[in-house]
Amino acid sequence: MAKNSVTPPKRNATSPKRSARNAASPKRSATPTKLSATPPKRSATPPKRAVASPLATNPKPSEPRYVSSLDKLQKDAQRSELDFTNTSPATFVLLSLVQVPTTLIISYAISPSTASPFLLNRFSRMALANITCHWVGFAIAVAINSVKWFDVTEDVTYFFNILWMLTTIETPSPRQTLVHLLAMLWCVRICAFVGYRIYIRGSDFRFDKLNRAWAYQLFGWTSGGTWCWANGFCVWHVADADQSAPLGAADYLGLSIFAFGLVFELVADVQKYRFNSAHAAGNNKAWINTGLWSLCRHPNYFGENVLWLGIAIIAMSRQFSAYSVGVCLVTPLWSFVFLLFTSLMLLEKRADARWASDSEYLNYKATTNVWLPSLAGARGALKRARRPA
């Protein structure tokens, strides 16, 4: 009982501590004042978030955005580009020479002229003719130490090879004549434009690097000849195709698509030339994002691919078999793939090098397709035009 009698005083001894804690209540009473100050701090948060939102449309220079698979594809192509700095001369010579038997084997495999000797069917003749013409262009370029006339040489020789193909048809049908004339019309149009541009501006950066290594230049010229051969598949096909079906709705549809593509490419080329005309070659400090260039970043190449699709539809000769459609569609598909990994890729690479730190340029890339026109690009252009300077 004595022990129990001691316990209450100990419990009573704690009461002063509790009372001391209660004495701290004045400090707690001040707490509401601190809490009452908290809402203004929280109310300051929304403006910070509102300021951060434009970064979604204006990426940081170190974190560029690519909005399509084509963007990623051409960006990968930039990193894996072959040139004289990463590929030996022997490799370029080998890659050049192997194109000759490759084109001949493919020509023999797909040409319907099975009765013709191996080197004399239409596809084979065009392979040899176009590559040979480009090798002559290579020899001239080495002799004059300049590759600025690369495009002109290619377009002129392509024109005459298409004309030669037309003359090999004993009695050309209206469709065969139309296909060849449309292809030659494009050659004249593009040759006149690039010829005038190179005459005025004096150089073309896409080809200048070829002049720095002869083997690399040989590869470039040979690949140009292979491009002409593969790009002309629908033309070589229509020369052999059955022409019993008269011109019909499919032909007129193809003609309309060709006309649209030709005008689209022409307008885009003229718009860009006018945009750059006030500056020396390569010295323009801005990029074009107006007109058709607000719809996509390379409308001229889109137009070129479309016009070849129109020619291919006519060349099918209203015979939509797997063979006819497959061979003719090689033309627009090859035109698209080749441009994607050559001229388009080189232009994108140079633009990225010049304006990668410009948020406005990155915003243009993020809102404008690389190849396919889009109304979203047009809306982005309108927003940029309305933005105060």
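Predicted model only: the values in this text are computed from it and were never measured.

### Remarks on the overall build of the protein chain
Turning to step 1, where the next piece is worked out: Helix and strand content of the protein chain: 18 helices and zero strands.
Turning to step 2, where the next piece is worked out: Within the span of the protein chain, comprising 389 residues, buried residues form 43% of the whole.
Turning to step 3, where the next piece is worked out: Pairs at least 24 residues apart make up 80% of the contacts formed inside the protein chain by residues separated by at least 6 positions.
Turning to step 4, where the next piece is worked out: As displayed, the protein chain offers around 20,700 Å² of accessible surface, 66% of which is attributable to carbon and sulfur atoms.

### Focus on the confidence of the model for the protein chain
Turning to step 1, where the next piece is worked out: Residues at a pLDDT of 70 or more form 76% of the protein chain, whose mean pLDDT is 83.
Turning to step 2, where the next piece is worked out: Ignoring residues within four places in sequence, the model shows residues 1-38, a span with pLDDT below 50, making zero contacts including any to other chains.
Turning to step 3, where the next piece is worked out: The low-confidence segment residues 48-64 (pLDDT under 50) makes 15 contacts with residues lying over four places distant or belonging to another chain.

### Thoughts on the packing of aromatic side chains
Turning to step 1, where the next piece is worked out: Overall, the coordinates contain 23 aromatic pairs when judged by the stated rule.
Turning to step 2, where the next piece is worked out: The interplanar angle of 70° and the centroid separation of 5.4 Å between the aromatic rings of Phe264 and Phe302 together place this pair among those described as edge-to-face. Of this pair, Phe264 sits in helix H13 (residues 249-276) while Phe302 is found in helix H14 (residues 299-315), placing the two residues 38 residues apart along the sequence.
Turning to step 3, where the next piece is worked out: For Phe264, a relative accessible area of 11% corresponds to the buried category.
Turning to step 4, where the next piece is worked out: Through a chain of ring-to-ring contacts, three or more aromatic side chains come together here, namely Tyr158, Trp186, Trp227, Trp308, Trp334 and Phe338.
Turning to step 5, where the next piece is worked out: It is Arg350 that lies over the ring of Phe205; its NZ or CZ is 3.9 Å from the centre.

### Digging into the environment of Ile131
Turning to step 1, where the next piece is worked out: Positionally, Ile131 belongs in helix H7 (residues 122-144).
Turning to step 2, where the next piece is worked out: Expressed as a C-alpha distance, the spacing of Ile131 and Thr103, which sit 28 residues apart in the sequence, is 9.7 Å.
Turning to step 3, where the next piece is worked out: The contact partners of Ile131, leaving out residues within four places of it in the chain, are Gln99, Val100, Thr103, Thr222, Gly225 and Thr226.

### A short note on helix H17 (residues 359-367)
Turning to step 1, where the next piece is worked out: Within H17, the full set of buried residues consists of Tyr361, Leu362, Asn363, Tyr364, Lys365 and Ala366.
Turning to step 2, where the next piece is worked out: Taking the backbone nitrogen of Glu360 as reference, a side-chain oxygen 2.8 Å away marks Asp358 as the first, capping residue of H17.

Conventions used here
All residue numbers refer to positions counted from 1 along the written sequence of the respective chain. Residue-level local features of this predicted model are given only where pLDDT is at least 70; pairs of side-chain atoms are given and counted only at 80 or more, and the full residue set underlies all totals for whole chains, interfaces and linings. Based on all heavy atoms of the structure, the side-chain values leave hydrogens and waters out of the count. For helices the rule is a DSSP run of H or I covering at least 4 residues; for strands it is a run of E covering at least 2, with both sets numbered from the N terminus onward. Remark: exposure states derive from per-residue accessible area (1.4 Å probe, protein chains only) relative to the maximum for the residue type, with buried under 20%, exposed over 50%, and partly exposed in between. Any pair of residues with heavy atoms lying within 4.5 Å of one another is described as a contacting pair. Shrake-Rupley sampling with a 1.4 Å probe provides the accessible areas, and residues are treated as covered by the protein chains on show and by no other component. pLDDT gives the predictor's per-residue confidence on a scale running from 0 to 100. Two aromatic rings from Phe, Tyr or Trp, using only the six-membered ring of Trp, form a pair when their centres are within 6.5 Å; if the ring planes differ by under 30 degrees the pair is stacked, by over 60 it is edge-to-face, and anything between is tilted. Lysine NZ or arginine CZ positioned within 6 Å of the ring centre and within 35 degrees of the ring normal marks a charge as sitting over the ring. Polar contacts, as used here, are pairs of N or O atoms within 3.5 Å; protein pairs need one atom able to donate a hydrogen and one able to accept it. Residues neighboring in sequence count only if both atoms are side-chain atoms.

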